[in-house]
Amino acid sequence: GAVVSQHPSWVICKSGTSVKIECRSLDFQATTMFWYRQFPKQSLMLMATSNEGSKATYEQGVEKDKFLINHASLTLSTLTVTSAHPEDSSFYICSATPTGQGGHIQYFGAGTRLSVL
Amino acid sequence: GDSVTQMEGPVTLSEEAFLTINCTYTATGYPSLFWYVQYPGEGLQLLLKATKADDKGSNKGFEATYRKETTSFHLEKGSVQVSDSAVYFCALTQGAAGNKLTFGGGTRVLVKP
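These figures come from a predicted structure and were not determined experimentally.

What counts, and at which threshold
- Residues numbered from 1 in each chain as written.
- Chains lettered and ligands numbered in written order.
- Predicted model: local features only at pLDDT ≥ 70, side-chain atom pairs only at ≥ 80, totals over all residues.
- Heavy atoms only, no water.
- Disulfide = S-S within 2.5 Å.
- Helix = DSSP H or I, 4+ residues; strand = E, 2+ residues; numbered from the N terminus.
- Buried < 20%, exposed > 50% of the residue type's maximum accessible area, 1.4 Å probe, protein only.
- Pairing = 2+ DSSP bridges.
- Axes fitted to C-alpha atoms, helices over the stretch in contact; angles between N-to-C directions.
- Phe/Tyr/Trp six-rings, centres within 6.5 Å; stacked < 30°, edge-to-face > 60°.
- Core = buried A, V, L, I, M, F, W, Y, C linked by side-chain atoms within 4.5 Å.

A.B. asks: Explain the state of the cysteines here, please?
C.D. replies: Residue and element names in this part refer to chain B. Under the criterion given, the structure shown has 2 disulfides over all chains. The partner cysteine of Cys 23 in its disulfide is Cys 90, sulfur to sulfur 1.9 Å. Between Cys 23 and Cys 90, the disulfide has an S-S torsion of -70 degrees and is therefore left-handed. Within this pair, whereas Cys 23 is found in strand S4 (residues 23-26), its partner Cys 90 is found in strand S10 (residues 86-93), the two being separated by 67 residues in sequence. Cys 90 matches Cys 23 in its accessibility class, with the two residues each being buried.

A.B. asks: Just to check I follow, could you spell out the sheet that holds strand S7 (residues 67-73) of chain A for this structure?
C.D. replies: Each strand in a sheet pairs with its neighbour through backbone hydrogen bonds, running either in the same direction (parallel) or in the opposite one (antiparallel). All names here are of chain A. The sheet built from 4 strands is open, its strands ordered S1-S3-S8-S7 with antiparallel pairing. What marks the edges here is a single partner per strand, and that holds for strand S1 (4-7) and S7. Averaged over all pairs of adjacent strands, the angle between strand axes in this sheet comes to 15 degrees, irrespective of strand direction. Of the strand pairs in this sheet, S7 and strand S8 (residues 76-81) are connected by 5 bridges, and their pairing is antiparallel. Within S8, the position partnered with Asn 70 by the bridge is Thr 78.

A.B. asks: Would you mind showing me how to read the packing of aromatic side chains here?
C.D. replies: Any aromatic ring pair is given by two values, namely how distant the centres are and how the planes are angled relative to each other. Scanning the entire structure with this criterion turns up 12 aromatic pairs over all chains. Pairing Phe34(A) with Tyr36(A) gives two aromatic rings, centres 6.5 Å apart and planes at 40 degrees, and the pair type is tilted. Phe34(A) gets classed as buried once you look at its relative accessible area, which sits at 1%. Between the aromatic rings of Tyr36(A) and Phe108(A), the centroid separation amounts to 5.8 Å while the plane-to-plane angle is 35 degrees, which identifies the pairing as tilted. Placement of the pair is Tyr36(A) in strand S4 (residues 32-38) and Phe108(A) in strand S10 (residues 107-108), with a sequence separation of 72 residues. Each of the two residues, Tyr36(A) as well as Phe108(A), counts as buried. One aromatic cluster in this structure is built from Phe34(A), Tyr36(A), Phe108(A), Phe34(B), Tyr36(B), Phe89(B) and Phe103(B).

A.B. asks: Teacher, can you tell me more about the nonpolar core here?
C.D. replies: Side chains that are nonpolar tend, in soluble globular proteins, to be buried together. Core analysis: the largest hydrophobic core is formed by 26 residues, its most contacted members being Trp35(B), Phe73(B), Leu75(B) and Tyr88(B). Counting residues per element, the ones that place at least two in this core are strand S2 (11-14), strand S3 (19-21), S4, strand S5 (32-38), strand S6 (45-50), strand S8 (62-65), S10 and strand S12 (107-112) of chain B. At 4 residues, S10(B) tops the list of elements feeding residues into this core. By size, the runner-up hydrophobic cluster in this structure holds 23 residues, among which are Val4(A), Val81(A), Ala84(A) and Leu114(A).

What follows is the structure, given as structure tokens:
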């Protein structure tokens, strides 16, 4: 089946540093990928929609300069948390829609837990 | 805007018990409805879906019926197994909103032997 790999699964960093999270579709091409954030015991909140070869579309309230998204190929999107602070600590999840499939089809990565000290 | 509300967990059951997880939604138009499941250490997986009123989605013994009159999409399974222990998310998407999924808060289910 369709597999989405997310790396790293857990990262600890110091306040002020930047962290990059990768999301790869392993056996399919994905024109569109999504980045979510999940707080403890809360739902997934969509942060941005990433389209290959174009700028990401950010949801209201999400700082695009803080959460940099790059979707340079049909199998890879990256999320960079710049100048991370403790309040950025969270669980980040990506998903990918196979090119040509309906919009509701999303395959999810296992998530990345970010802890900012 | 659109929203999804599902019962809070955790829900603890014994093996072979009946499981119900309530889910209601608020949306304009005619959304498609989904249940996703997240097993420990894994990504969310689509469990079942329904795209129009009165449709019943089913998979792995789970069922949910799209009830437009009550704006609900409750998940049920007649006899749970330990392997059903996971977090379950109800979600919706609207055609007008493209690919965007709106999720409920998730319900953790723990099935004990």
